[in-house]
Amino acid sequence: MKSFKRLVALLAVIMLVISLAACGNGTKSTVGQDTGGSKESGGEASGTTDGADAAGDGLVVVGFSQVGAESDWRTANTESMKATFVEGNGYQLIFDDAQQKQENQIKAVRNFIQQDVDYIVIAPVTETGWDTVLQEAKEAGIPVIIVDRMIDVSDDSLFTAWVGSNFLQEGYNAVEWLADYLESKGRADEQINIVTLQGTIGSSAQIGRTDGFAEKMAAYPNWTMLEKQTGEFTQSRGQEVMESFLKSYDDIDVVIAENDNMAFGAIDAIKAAGKTCGPDGDIIIVSFDAVAAAFDAMIAGDMNVSIECNPLHGPRVAEIIQKLEAGETVDKLQYVDEGVFPAETAAEIKPTRAY
Ligand code: AHR
């Protein structure tokens, strides 16, 4: 469909050039001008690139609405997308940072539609609230690819494919690791008090990790969830929420931080409160993402484990687009394989990590 669209655009361009030349009025065609590199607009997809213009250059135009820059994981994800969707690989990227606000993402998608991009890629902040704008994209004939977190829409034809993590499985992995760890320390029958720093409420990463942990921890009646509160996936909020947990409870055994950056904030709060954490400390820290700084925290002895969430989606999204360009079908849902990295393996594994 896109090849046909591009052919029509190309023919229109050729006809325009011929007619302008015939008129001899010296008006300059704008075709191929100012494709300008990726554009960042802080919540406004204000790029000037016209999809048909870039198509005239043979580039596939991709509008990408990114959640924000709340974590190391997100930075790695943005870098992966930006490194993949470059002109050298045949792409024109229009990048938009939504600053963690869905309303900005919706605005960005509408701008992408207006610019008639070839593909819209969304890393959605939350799961719900997408039906209307995706219906608009569908009516404009622009395929939508969802990356990282999932969306919850009434009609699955509103997106072409999704690639990301199995967040529920990540929650299961956390329980499995914790149960094995407590067993290995001879603490399997002890009363274990847990607090959770949740991610952005309503995001797949929060929902999956919270639900996966809750479901599997039901098998351990001696584990108590003292409290769950959102730290918005940021280090500063993670620290603030942990400070309040430490004021409310003096018997916390385990912190579940639904991402590494909140774990870093929690570690700072624990140390400031005169307590210790990590394999030899008072409090066990279980985290998610496995970014480079988490390996440093494990090597420093502050964190016990990080459950992997892989952010390197650029090449995965590009593969989907290439298949669609070639007229092939793609799997609707594509899960990424992920591991579990405990502190004992951190020093050995860290040099092999790409983010
Ligand atoms: O959706 C993935 C999550 O979003 C990562 O765990 C977190 O760090 C990020 O902000």
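Student: Even after reading the chapter, I still don't get the site of the ligand, so can you show me in this structure?
Tutor: Neighbouring the ligand are the residues Glu-70, Ser-71, Trp-73, Arg-74, Asp-148, Arg-149, Ala-205, Arg-209, Phe-233, Asn-259 and Asp-289. Taking 280 Å² as the accessible area of the ligand by itself, protein coverage stands at 100%. Residue assignment for the shell around the ligand shows that the elements contributing at least two residues are α3 (72-84) and α7 (204-217). Its residues assigned to classes, the shell around the ligand comprises 3 nonpolar, 2 polar and 6 charged.

Student: Even after reading the chapter, I still don't get the side chain of Thr-126, so can you show me in this structure?
Tutor: Within the secondary structure, Thr-126 sits in the loop between β3 (119-122) and α5 (131-139). Here Thr-126 is in contact with Gln-102, Met-150, Ile-201, Gly-202 and Ser-203, once residues within four sequence places are set aside.

Student: Just to check I follow, could you spell out the nonpolar core for this structure?
Tutor: One broad trend across soluble globular proteins is that nonpolar side chains are buried collectively. In this structure, Met-242, Ile-252, Val-255, Ile-285 and Met-303 are the most contacted members of the largest nonpolar core, which totals 37 residues. Counting only elements with at least two residues in this core, the list comes to α3, β6 (192-198), α8 (235-248), β8 (254-257), α9 (260-272), α10 (292-299) and α12 (343-349). For this core, the element with the highest residue contribution is α9, accounting for 7 residues. Beyond its immediate chain neighbours, meaning those up to four positions away, Val-255 contacts Val-195, Leu-197, Met-242, Ala-266, Ile-270, Ile-283, Ile-284, Ile-285 and Val-286.

Student: It is not clear to me how the pairing of β6 should be interpreted in this structure. Could you clarify?
Tutor: Side-chain positions along a regular strand alternate between the two faces of the sheet. Here β6 lies mainly inside the structure; 7 of its 7 residues are buried. The side-chain alternation of β6 yields two buried faces, one formed by Ile-192, Ile-194, Thr-196 and Gln-198 and the other by Asn-193, Val-195 and Leu-197. Sheet topology note: the β6/strand β7 (residues 223-230) ladder contains 7 bridges and is parallel. Note on β7: the bridge partner recorded for Leu-197 is Gln-229. Following the backbone out of β6, through α7 and into the adjacent parallel β7, one traces a crossover that is right-handed. Relative to β8, β6 runs parallel, the two being bridged by 4 bridges. Looking at the pairing, Val-195 lines up with Val-255 of β8.

Student: Looking at this structure, I do not really get the sheet that holds β8. What am I missing?
Tutor: Strands belonging to one sheet form pairs held by backbone hydrogen bonds; the direction of such a pair is parallel or antiparallel. If you trace the 6 strands from one edge of the open sheet to the other, you get β7-β6-β8-β9-β10-β12, paired in mixed fashion. If you trace the sheet from one side to the other, it starts and ends with β7 and β12 (340-342), each paired once. Shown here is a sheet whose adjacent strand axes are inclined to one another by a mean of 15°, direction ignored. Docked against the sheet, helix α6 (residues 167-184) engages β6, β7, β8, β9 (284-289), β10 (305-308) and β12, running at close to 155° with respect to β9.

Student: Please explain the side chain of Asp-253 as it appears in this structure.
Tutor: Along the chain, Asp-253 turns up in the loop between α8 and β8. Overall, Asp-253 belongs to the buried group, its relative accessible area being 14%. Looking at Asp-253, its side chain comes within polar contact range of the main-chain nitrogen of Asn-193, at 2.7 Å. Excluding residues within four positions of it along the chain, Asp-253 makes contact with Arg-187, Gln-191, Ile-192, Asn-193, Asp-282, Ile-283 and Ile-284.

Rules used in this analysis
- Residues numbered from 1 in each chain as written.
- Predicted model: local features only at pLDDT ≥ 70, side-chain atom pairs only at ≥ 80, totals over all residues.
- Heavy atoms only, no water.
- Near = heavy atom within 4 Å.
- Areas by Shrake-Rupley, 256 points an atom, 1.4 Å probe, with all protein chains shown as cover.
- Helix = DSSP H or I, 4+ residues; strand = E, 2+ residues; numbered from the N terminus.
- Nonpolar A, V, L, I, M, F, W, Y, C, P; charged D, E, K, R; others polar.
- Contact = heavy atoms within 4.5 Å.
- Core = buried A, V, L, I, M, F, W, Y, C linked by side-chain atoms within 4.5 Å.
- Buried < 20%, exposed > 50% of the residue type's maximum accessible area, 1.4 Å probe, protein only.
- Pairing = 2+ DSSP bridges.
- Right-handed = clockwise from strand over helix to strand, strands pointing away.
- Axes fitted to C-alpha atoms, helices over the stretch in contact; angles between N-to-C directions.
- Polar contact = N/O pair within 3.5 Å; in protein donor to acceptor, adjacent residues only side chain to side chain.

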